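# Understanding the architecture of this molecule
One-letter residues, chain by chain:
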Amino acid sequence: MADLMLRVENLVRSFGGIKATDNLSLDVARGELHAIIGPNGAGKTTLISQLTGQLMPNSGAIYFAGRDVTWLPSYQRSRLGLARSFQITCLLPDFTAADNVALAAQAHDGHSFRFWGAARKEKHLRDAAQAALTRVGLAKRADVPVSELSHGEQRELELAVALATKPQLLLLDEPMAGLGVTESARMVALLKELRKEVTIVLVEHDMEAVFALADRITVLVYGRVIASGDPDAIRSNEEVKRAYLGEQHAVTRHG
Amino acid sequence: MKSPINVRNVVVALVALGLTLLPVYSALTGNIFILTLFTRIVIFALAAASLNLIMGYGGMMSFGHAAYLGIGGYAVGILAFEGIGSGFIQWPVALAASALYALVIGALSLRTRGVYFIMITLAFAQMAYYVTSGLSRYGGDDGLTIYKRSTFGGLIDLSNRVQFYYLCLFCLFGGIYLIWRIINSRFGMVVQGIRSNEQRMQAIGFHANRYRLVCFVISGTICGLAGALLANNTDFVSPAGMYWTRSGELMVMVVFGGMGSLFGPVIGTIVFLLLEELLSQFTEYWALIMGPLLLLIVLFARGGIMGVLGRFSRG
């Protein structure tokens, strides 16, 4: 099944008595943009964390490009081409935007047990960083420390960092979280571009964005998949309406 | 580009110049004491600089750094005691022993974080303290006198005060240059990245602990060199030199000068040891003054002395 980028089989993860991931199975085809939606506490971030290896499942299996990665630590999954952005911004605050991205490029450019040459002077790393920053519209902010970037810029930087690792699969955990209307629109436009190059799993609360972007949508409730299909199928799915969309019905109509 | 001439850099340059010219001053005034005092200061500055590499840049709060001073010292002392006086053997052994100790301790303690890391490095250093106390052949807890300083085949005479001082100073400047190269290298960027946000570094593909461990070993090895110098300076090694209070003093030197600033530990060590020297002339309770001073620095000058100077620079 070469066209499967990601396959999740019967994944289980519980915290105490709560099953945050409950026998969850999921397929993501190569090249698609697969959105995962669900109400708060549905276990979306828990799922992403297991996909990237920050959190280990209790049971089940995760295959990435045909390879069993269930028990691989996160840094090895990153090497294989799996990148994530974090829901709560997770950057290196004492470094500049360019440094953040250059380090991501460096991580995928041989080992870093090099003790002598100045890393900031390695042109190809700086070029890679600049390219990724340009991609997300941050080229002019390259030398600004992360702690001085606005929230929206930090969200974009998250994406640039993920891109710099040259991923095959991009896991985006609420990239629109906390963004204003204009910033959200820019992010959607950016994702529309990116999806042409890379497979994307998108966790997002912004329904308008999800229905505009997704090829397929999976709906999680209490750690279980209650529906999976193309946007039209999800829109008309009665169980989804009941469990989740409910009062947001109006949004889904013109999505 | 920022101008390289600011308060901080001028102070650093003056201190470096002062350290370099100190033997001249000592010779002109006949003040031998100041040379002895500053030899000690330079050696401790090297130890503090090595601690700063893991503490300031790597974010690893090691509370057992004095162990390397002891291990480096004992390597010299024991070999001298057994009749091997050549520094060409003693010093590499001192470095290798420190590196090996750091490798083992690091591999075990880097599984933990925060307070647990502090406690476990402290515990290992105390273990080293008790092990050396039990070495009855080498003086036990009375320590071991070194009757002959390391010899380097006529290349340099360690019994000559001035030559020995310059050797120490060479090691200090060499050590700082090495650390400067390291922190700006790929490796150094990774280590500082891990200090800043470990989860992020793992997510972009770095095996954090592997880099941490190598950094820990480099730091320990440099401190082992300081230990070899210190043993030659005092002609004596004893378990007391690796007691936890000594590790604490090294931490204070780093914090005084400014964690994560290249030259900070040197300034911190000078200030700490000079204050200790001056205050202990007035009162044996000098720690009563040193304590509140440290408190003030921690409370009001987070970046230590270098941080304060840096603020001046920005006007």
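Note that the structure is a prediction, hence the values are computed from the model and not measured. (Residues numbered from 1 in each chain as written. Chains lettered and ligands numbered in written order. Predicted model: local features only at pLDDT ≥ 70, side-chain atom pairs only at ≥ 80, totals over all residues.)

## Quick look at the overall build of chain B
Spelled out, the test is: Numbered from the N terminus, helices here are DSSP runs of H or I no shorter than four residues, and strands are runs of E no shorter than two. Here the radius of gyration uses the C-alpha set of atoms, whereas the globule reference equals 2.2 Å times the residue count to the power 0.38. Any residue surrounded by 20 or more other C-beta atoms within 10 Å of its C-beta is treated as buried, while 12 or fewer makes it exposed and the intermediate range makes it partly exposed; C-beta atoms here are placed from the backbone. For every residue pair, C-beta atoms are placed from the backbone, and the pair is scored as a contact if these atoms sit within 7 Å.
The number of helices and strands found in chain B is 13 helices and 2 strands. For chain B, the C-alpha radius of gyration of 19 Å lies close to 20 Å, the compact-globule estimate for 315 residues. Dimensions along the principal axes, computed over C-alpha positions, put chain B at roughly 55 × 45 × 40 Å. For chain B, the proportion of its 315 residues judged to be buried stands at 49%. Intrachain contacts of chain B at a sequence separation of at least 6 include 77% that bridge at least 24 residues.

## What to know about the overall build of chain A
In terms of helices and strands, chain A carries 10 helices and 10 strands. By the compact-globule yardstick of 18 Å for 255 residues, chain A fits well, its C-alpha radius of gyration being 18 Å. Based on the C-alpha atoms only, the size of chain A along its principal axes is roughly 60 × 40 × 35 Å. Contacts in chain A between residues at least 24 apart in sequence constitute 66% of all its contacts with a sequence separation of at least 6.

## Focus: the pairing of strand β10 (residues 224-229) of chain A
Residue and element names in this part refer to chain A. Heads up, the condition is: Note on pairing: two strands pair once DSSP finds at least 2 bridges between them.
Where strand β9 (residues 216-221) meets β10, 5 bridges bridge the pair, whose relative direction is antiparallel. When the sheet's bridge partners are listed, valine 219 is paired in β10 with alanine 227. The loop that links β9 with its antiparallel partner β10 comprises 2 residues; one of these, tyrosine 222, has a positive phi angle of about 50 degrees.

## A few points about the interface of chain A and chain B
In plain terms, the rule: Here the term charged refers only to Asp, Glu, Lys and Arg, the term nonpolar to Ala, Val, Leu, Ile, Met, Phe, Trp, Tyr, Cys and Pro, and the term polar to all other amino acids, Gly among them.
If you look at the interface, chain A gives 29 residues, while chain B gives 20 residues. Elements represented by at least two residues in the side of chain A that touches chain B include exactly α2 (74-80) and α3 (97-107) of chain A. A per-class count over the side of chain A that touches chain B returns 15 nonpolar, 9 polar and 5 charged.

## Brief notes about the environment of B:Phe33
Inspection of the secondary structure assignment puts B:Phe33 in helix α2 (residues 32-57). Residue B:Phe33 is classed as exposed on the basis of its 10 C-beta neighbours within 10 Å.

## Some points on the environment of B:Phe117
All names here are of chain B. Inspection of the secondary structure assignment puts phenylalanine 117 in helix α5 (residues 114-133). Using a count of 18 C-beta atoms within 10 Å as the deciding quantity, one classes phenylalanine 117 as partly exposed. Each C-alpha atom of the pair phenylalanine 117 and methionine 60 lies 7.8 Å from the other, and the pair is 57 residues apart in sequence. Once residues within four sequence positions are removed from consideration, phenylalanine 117 is found in contact with Met60, Met61, Ser109 and Thr112.

## Description of the confidence of the model for chain B
Formally: Here pLDDT means the predictor's own confidence in every residue, given as a number from 0 to 100.
Residue-level pLDDT values for chain B average 94, and 98% of them are 70 or greater. Scored as a complex, the prediction yields pTM 0.93 and ipTM 0.89.

## What about the packing of helix α6 (residues 161-184) of chain B against helix α9 (residues 208-234) of chain B?
All names here are of chain B. Heads up, the condition is: Helix axes are fitted only over the stretch in contact, all axes being lines through C-alpha atoms; the angle between N-to-C directions runs from 0 to 180 degrees. Here the angle decides the label: under 35 degrees means roughly parallel, over 145 means roughly antiparallel, 65 to 115 means roughly perpendicular, and every other value means oblique.
At a minimum axis separation of 11 Å, α6 and α9 run at an interaxial angle of 175 degrees. With respect to α9, the element α6 is oriented roughly antiparallel. Across from Cys168, Cys171, Gly175 and Ile182 in α6, the residues of α9 making contact are Ile218, Ile222, Leu225 and Leu229. Grouping the constituent residues of the contact of α6 with α9 by class yields 7 nonpolar, 1 polar and no charged.

## Some words on the nonpolar core
Looking at soluble globular proteins, one finds that nonpolar side chains tend to be buried together. The line we're drawing: Core membership is restricted to buried Ala, Val, Leu, Ile, Met, Phe, Trp, Tyr and Cys residues, and these are joined into a nonpolar core through C-beta atoms within 7 Å.
In this structure, A:Val101, A:Ala129, A:Ala160, A:Ala164, B:Val42, B:Leu46 and B:Ala47 are the most contacted members of the largest nonpolar core, which totals 165 residues. If one sorts the elements of this core by residue count, α2(B) sits on top with 15 residues. Setting aside chain neighbours within four positions, we find A:Ala164 in contact with A:Val101, A:Ala104, A:Ala105, A:Ala128, A:Ala129 and A:Ala132.

## Considerations on the sheet that holds strand β8 (residues 199-203) of chain A
Residue and element names in this part refer to chain A. Read across the sheet, 6 strands follow the order β6-β7-β8-β3-β9-β10 without closing on themselves; strand pairing throughout is mixed. The open sheet has two edge strands with one neighbour each: β6 (82-85) and β10. Adjacent strand axes in the sheet meet at a mean angle of 15 degrees, parallel and antiparallel pairs treated alike. Two elements, strand β7 (residues 169-173) and β8, share 5 bridges in a ladder whose sense is parallel. Bridging from a neighbouring strand, leucine 172 pairs with leucine 202 of β8. On top of the sheet, helix α1 (residues 44-52) reaches β3 (33-37), β6, β7, β8 and β9; it is set at about 150 degrees to β7, its chief contact. Across the face of the sheet, helix α5 (residues 151-164) comes into contact with β6 and β7 while running at roughly 175 degrees to β6.

## Some details on helix α4 (residues 123-135) of chain A
Residues three or four positions apart in an α-helix share a direction because the helix packs 3.6 residues into each turn. All names here are of chain A. What counts, and what does not: Multiplying one less than the number of residues by 1.5 Å gives the expected span of a helix.
Taking 1.5 Å of rise per residue, 13 residues should cover 18 Å, and α4 covers 18 Å from first to last C-alpha, within 8% of that figure. Summarising the contacts, the buried residues of α4 are in contact with α3 and α5. Backbone geometry just downstream of α4 places glycine 137 in the positive-phi region, at approximately 85 degrees.

## Some remarks on the sheet that holds strand β2 (residues 18-29) of chain A
Whether parallel or antiparallel, the strands of a sheet pair through hydrogen bonds between backbone atoms. Residues and elements named next belong to chain A. Here 4 strands make up an open sheet; going across it, the order is β2-β1-β4-β5 and the pairing antiparallel. Both edges of this open sheet fall to β2 and β5 (67-68), since each of them pairs with a single strand only. In this fold α1 packs onto β1 (4-15), β2 and β4 (59-64), with an angle of close to 60 degrees to the strand it touches most, β2.

## Here we look at helix α10 (residues 244-257) of chain B
Residue and element names in this part refer to chain B. The end-to-end C-alpha distance of α10, which contains 14 residues, comes to 20 Å, matching closely the 20 Å that a straight helix rising 1.5 Å per residue would cover. Counting buried residues along α10, 11 of its 14 residues qualify, which places the element largely inside the surrounding structure. Those residues of α10 not exposed but buried are Arg246, Ser247, Glu249, Leu250, Met251, Val252, Met253, Val254, Val255, Phe256 and Gly257. With its phi angle positive at about 125 degrees, glycine 258 sits one or two positions after the end of α10.

## Remarks on the confidence of the model for chain A
All names here are of chain A. Scored by pLDDT, chain A comes out at a mean of 91, with 95% of its residues at no less than 70. Averaged pLDDT values over the elements of chain A bottom out at 45 in helix α10 (residues 249-253) and peak at 97 in α3. Every residue in residues 249-255 is under pLDDT 50, and counting partners more than four places away or in other chains gives 10 contacts.

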